Amino acid sequence: MMIADGIEDEEKWLAEGIAGIQHNAFYLHRAVDSNNLREALKYSAQLLSELRTSRLSPHKYYELYMRAFDELRRLEMFFKDEERHGCSVLDLYELVQHAGNVLPRLYLLCTVGSVYIKSKEAPAKDVLKDLVEMCRSVQHPIRGLFLRSYLAQISRDKLPDIGSEYEGDGDTVMDAVDFVLQNFTEMNKLWVRMQHQGPIRVKEKLDKERSELRDLVGKNLHVLSQIEGVDLEIYKDTVLPRVLEQVVNCKDELAQHYLMDCIIQVFPDEYHLQTLETLLGAFPQLQPAVDIKTVLSQLMDRLSNYAASSAEVLPEFLQVEAFAKLSNAIGKVIEAQVEMPVVGAISLYVSLLTFALRVHSDRLDYVDQVLGACVKKLSGSPKLEDNKATKQVVALLTAPLEKYNDIDTALTLSNYPHVMDHLDAGTNKIMAMVLIQSIMKYNTCVSTAEKVDVLFELIKGLIKDIDGTLADELDEEDFKEEQNSVARLVHMLYNDDPEEMLQIICTVRKHIMAGGPKRLPFTVPPLVFSALKLVRRLQGLDGEVAGEEVPATPRKIFQLLNQIIEALSNVPSPELALRLYLQCAEAANDCDLEPVAYEFFTQAFVLYEEEVADSKAQVTSIHLIIGTLQRMNAFGVENRDTLTHKATGYSAKLLKKPDQCRAVYACSHLFWVDDQDGIKDGERFKLIFRHNWT
Amino acid sequence: MVLVLAIGDLHVPYRAPDLPAKFKSMLVPGKIQHIICTGNLCIKEVHDYLKNLCPSLHITRGEYDEDAQYPETKTLTIGQFKLGLCHGHQVVPWGDLDSLAMLQRQLDVDILVTGHTHQFKAYKHEAGVVINPGSATGAYSSITYDVNPSFVLMDIDGLRVVVYVYELIDGEVKVDKIDFKKTGTATSHSAH
């Protein structure tokens, strides 16, 4: 209820104020038209008295101010025209000071001051100095801010800048700078004081009101940046230090945030680069509540864009040691602001990393350094539970992947795994999927066992159960998706050199064996086929590679394969294992390794006998056995007979008669092999056939 | 004019990570009327991908397929042609033309599509045509060395079917085509 009344009242007061201005304006115009200076002064003073109100919010006050401003413009034209009112500007300057109340007096003084400067009867710097000091008499925040804003506006084009008409003996750029700096300083003080004035108000409302006025203060910085004569020297020696002094000393978080932002936006990037140390030195001195990371990110963004704008700029970055300075500054801020939550620190590092990636993408040591600093911070804090912080860490880890499009680079960053160590199991998996997707997307090939080892360590959340999270707890669909991703990944691990490739296979095996029964059916097959491809490659090479360690041979690989497939028995996954054994048998056959092939067949049969119980599964499996056996040419008569006999026997024992027939018929091909050895054992064939058809 | 995609033996993810990029960019939804798949996809993701390409999806079971519910064989009629589909591991000796011809007669189809060997084949045989689209991913096969990724697109128009085979050889997609005409009981063909 109160608030609604308040708004209504404000509207009423504003209306009253406007009415007052319009009323006096009417008489003012009449006075001006009749060149009556005294009347003009009287009515303009009355008009300006409306601005003495304390009852309006900044928003409404502004409306009132604008009306007065319009009237003052016309008044200024009148003042300028000495012939009309017959008063010298010097006298006028003195005359207006007789106005009763201070606020109207000062508005009039500023207006005359403008004319005075234009007349060149006095040095600009003297008039400006006088005005900026006189304005001190108004200490009420809103009134003072608007008054000084008026001063800033009318003085804008009259500053003694280089090349301006107001530059003269004694009048220099420094005078212009001093004037603006002083106005700025006083305005900031008033602005900060706003929160202490008047009855206790709700903080949000107050902040909102203060925000509405911030551009009045910020405008001064804009003016400073526009002064031609303000070169790097002056900026470095005078402007920046004094602005920063005010920013730090005012100890007001709203002001500090806005003004730091302003400085960064308004002055050229080149200046920032050259004054980096000074600028960054202010940050630790700011109030703890200031959202430094946003401001720093802004700065780093701008500098990144600046670096990207032209190649010539880059050496400058190196020369001023931009990265080192930024890195130190961030470190100091984090140290100084003990209360800063982890998410704040991490997002600062994300910004720094982005900067390093954009500006110094060839400096992997910088990237690693940022990651290292992050690790240090994470080590000092309890395990990450904050969702936002986790997201930031993932962003930190993803950035290098996206920049370099090449997992290899990420794998060389020594601190990368350390950062990942600090992720909880769930997030580790998310990050692991990101890594795999990056590899798949850019079709990267991971080519050494060492890199594979590092990679599988990074994605260990997918490879095995860590930290007590069980695979059981996971949604089945999600689990399948994860494991299928790992399976796909295996195909991206490759090296032309057989020795290295074998090492890669062994490394993968080492990791996946820790995966447990749920994961093996997904991870074993791709590894098996990867190994079989290697066998085929070795077949093509003639002779053994002499020297050093035992070279990669098909025999060795088959040994390995036997062990790998055996692990599936723990799952248990007999049908899959059976198929894989048969694949190996065929491969061994192609290498002419009879005993090895025979051994694989034996394993397959054992599984068939003992584990494959389902009748449909049996039918498929026996056909696979028969089909594979039919292609074998490495077997001597005895071995072939044994296996054929077994296959035929099992075929006859299938559950359904039609299946029996088909299988036994298929077995007939085992006796009739069309190759150079010409095994066409018609007699045996007939015997078996007849035997099974009784 | 009915376009039928014959594809199979992708073996994702156990023998291959994915379809080749060049194939993926060629296969877009809305262009194909039917897909017949010989099997060994192996996972649901591939099924969904194919389903998205064309809702009329026919699959037979390969020995590594995750979904055990796919049938061993399937027949369907498209236009004037009867098509038969089977993975092929059931037919011993694998890839043997005569044995496949037996299956064709058994299913009573004009066109038999099978896989398993990962090697593209298309030939006329007695009463019909036998097609093997090969492996769309170029997956490892114990039967065939140096598998090039391949698939087949059949354009069925009245009594004529044009079989386009797409093969990825050394990074380039090569296309070949074979014409078959159905005349009464017999099918004649002209190869290019």
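Residues numbered from 1 in each chain as written. Chains lettered and ligands numbered in written order. Predicted model: local features only at pLDDT ≥ 70, side-chain atom pairs only at ≥ 80, totals over all residues. Heavy atoms only, no water.

### Remarks on the overall build of chain A
When helices and strands are counted, chain A shows 35 helices and zero strands. Here the C-alpha atoms of chain A give a radius of gyration of 43 Å, more than 25% beyond the 26 Å that 2.2 N^0.38 yields for 694 residues. Counting only C-alpha atoms and orienting by the principal axes, one finds that chain A spans roughly 140 × 65 × 45 Å. The proportion of buried residues among the 694 residues of chain A is 53%. Within chain A, counting contacts between residues at least 6 apart in sequence, those at least 24 apart form 73% of the total. Summed over its atoms, the accessible surface of chain A is roughly 32000 Å², and 50% of this surface lies on carbon and sulfur atoms. Charge centroids of chain A, computed over 75 positive and 104 negative side chains, lie 4 Å from each other. (Helix = DSSP H or I, 4+ residues; strand = E, 2+ residues; numbered from the N terminus. Rg over C-alpha atoms; globule rule 2.2 N^0.38 Å. Buried < 20%, exposed > 50% of the residue type's maximum accessible area, 1.4 Å probe, protein only. Contact = heavy atoms within 4.5 Å. Areas by Shrake-Rupley, 256 points an atom, 1.4 Å probe, with all protein chains shown as cover. Lys, Arg positive; Asp, Glu negative; His and termini not counted. Charge placed at Lys NZ, Arg CZ, Asp CG, Glu CD.)

### Overview of the interface of chain B and chain A
Each partner contributes residues to the interface: chain B has 29 residues there, and chain A has 36 residues. The contact between chain B and chain A buries some 2900 Å² in all, and 54% of this surface belongs to carbon and sulfur atoms. Here chain B and chain A share two salt bridges between them. Between Glu45 of chain B and Arg488 of chain A there is a salt bridge; the shortest N-O distance is 2.3 Å. Remark: the boundary between chain B and chain A carries 13 residue pairs in polar contact (both at pLDDT 80 or more). Class assignment for the residues of the side of chain B that touches chain A results in 15 nonpolar, six polar and eight charged. (Buried area = accessible area lost by both parts, 1.4 Å probe. Salt bridge = Lys/Arg side-chain N within 4 Å of Asp/Glu carboxyl O. Polar contact = N/O pair within 3.5 Å; in protein donor to acceptor, adjacent residues only side chain to side chain. Nonpolar A, V, L, I, M, F, W, Y, C, P; charged D, E, K, R; others polar.)

### Some remarks on helix α26 (residues 476-490) of chain A
The end-to-end C-alpha distance of α26 of chain A is 21 Å, a good match for the 21 Å that 15 residues give at a rise of 1.5 Å each. Where α26 of chain A is concerned, the buried positions are Phe479, Glu482, Gln483, Asn484, Ser485, Val486, Ala487, Arg488, Leu489 and Val490 of chain A. (Expected span 1.5 Å × (residues − 1).)

### Some points on the domain arrangement of chain A
According to the domain assignment, chain A consists of domain 1 (1-119), domain 2 (123-267), domain 3 (283-423), domain 4 (434-542) and domain 5 (573-693). With centres defined by C-alpha atoms, the gap from domain 2 of chain A to domain 4 of chain A works out at 63 Å. (Domains from an automatic or database assignment.)

### Some thoughts on the sheet that holds strand β4 (residues 73-78) of chain B
Residue and element names in this part refer to chain B. Reading across the sheet, the five strands line up as β4-β5-β6-β8-β7 and stay open at both edges, with mixed pairing between neighbours. Each edge of the open sheet is held by one strand with a lone partner, namely β4 and β7 (121-125). When the angles between neighbouring strand axes are averaged without regard to direction, this sheet yields 20°. Pairing between β4 and strand β5 (residues 81-86): six bridges, direction antiparallel. Following the sheet pairing, Thr75 is matched in β5 by Gly84. Against the sheet, helix α3 (residues 97-107) makes contact with β4, β5, β6 (111-114), β7 and β8 (128-132), and its axis sits at roughly 125° relative to β6, the strand it touches most. (Pairing = 2+ DSSP bridges. Axes fitted to C-alpha atoms, helices over the stretch in contact; angles between N-to-C directions.)

### Examining unusual backbone geometry
In this structure, Pro572 of chain A follows Val571 of chain A across a cis peptide bond, with omega equal to -5°. Within the secondary structure layout, Pro572 of chain A lies in the loop between α29 (554-566) and α30 (574-590). The amide bond that connects Leu41 of chain B to the next residue, Cys42 of chain B, takes the cis arrangement and shows omega of 5°. Structurally, Cys42 of chain B can be placed in the loop between β2 (34-37) and α2 (44-53). In the Ramachandran plot, Asp592 of chain A falls in the positive-phi region, its phi being about 65° despite a non-glycine side chain. You can see Asp592 of chain A is positioned in the loop between α30 and α31 (594-610). The phi angle at Asn40 of chain B is positive, at roughly 55°, despite the residue not being glycine. Within the secondary structure layout, Asn40 of chain B lies in the loop between β2 and α2. Of the residues examined, Asn40 of chain B reaches a relative accessible area of 1% and is grouped as buried.

### Observations regarding a negative patch on the surface
Residues and elements named next belong to chain A. A surface patch of negative charge is lined by Asp81, Glu82, Glu83, Asp91, Glu94 and Glu121. Where the negative patch is concerned, the elements lending two or more residues are α4 (82-85) and α5 (89-95). With respect to the helices, strands and loops of the structure, Glu94 is situated in helix α5. Taking relative accessible area as the criterion, Glu94 reaches 49% and is therefore assigned partly exposed. (Patch = residues over 30% accessible without salt bridge, like charges linked within 9 Å, V, L, I, M, F, W, Y side chains within 5 Å.)

### Structural notes on the side chain of Ser99 of chain B
Along the chain, Ser99 of chain B turns up in helix α3. Taking the relative accessible area as the measure of exposure, Ser99 of chain B reaches 6% and is therefore buried. Among the polar contacts listed, one links the side chain of Ser99 of chain B to the side chain of Asp96 of chain B, at a separation of 2.7 Å. Beyond its immediate sequence surroundings of up to four residues, Ser99 of chain B is in contact with His669 of chain A together with Val91, Val92 and Pro93 of chain B.

### Overview of the packing of aromatic side chains
Residue and element names in this part refer to chain A. According to the stated counting rule, one finds 27 aromatic pairs over all chains in the structure shown. Plain terms: the ring middles of Tyr93 and Tyr116 are 5.2 Å apart, the flat faces sit at 65° to each other, and that makes the pair edge-to-face. Here the residue Tyr93 occupies a position in helix α5, and Tyr116 occupies one in helix α6 (residues 102-119), the gap between them amounting to 23 residues. One exposure class covers both Tyr93 and Tyr116, and it is buried. The interplanar angle of 50° and the centroid separation of 5.4 Å between the aromatic rings of Tyr107 and Tyr150 together place this pair among those described as tilted. Residue Tyr107 is found in helix α6, and its partner Tyr150 is found in helix α8 (residues 141-155); the two are separated by 43 residues along the sequence. Residue classification places Tyr107 among the buried residues on the basis of a relative accessible area of 1%. (Phe/Tyr/Trp six-rings, centres within 6.5 Å; stacked < 30°, edge-to-face > 60°.)

### Thoughts on the pattern of salt bridges
Scanning the model with the defined rule gives 35 salt bridges over all chains in all. For Asp48 of chain B, the salt bridge is made with Lys44 of chain B, and the minimal N-O distance between the two is 3.0 Å. One end of the pair, Asp48 of chain B, and the other, Lys44 of chain B, are both in helix α2, four residues apart, so they sit about a helical turn from each other. In this structure, a network of salt bridges that share partners links the residues Arg73, Glu76 and Lys118 of chain A.

### Description of the UniProt feature "domain: Calcineurin-like phosphoesterase" (unreviewed entry) in chain B
The feature "domain: Calcineurin-like phosphoesterase" (unreviewed entry), as annotated in UniProt, sits at residues 4-157 of chain B in this numbering. Spanning residues 4-157 of chain B, this segment combines 18% helix with 29% strand, and its end C-alpha atoms are found 11 Å apart. (UniProt positions renumbered as here; feature names shortened; annotations may be inferred.)

### Notes on the environment of Tyr140 of chain B
Among the secondary structure elements, Tyr140 of chain B is positioned in the loop between β8 and β9 (150-157). Owing to a relative accessible area of 7%, Tyr140 of chain B belongs among the buried residues under this scheme. When neighbours within four sequence positions are excluded, Tyr140 of chain B is seen to be in contact with Phe529, Leu532, Lys533, Arg536, Gln583 and Ala587 of chain A together with Arg15 and His118 of chain B.

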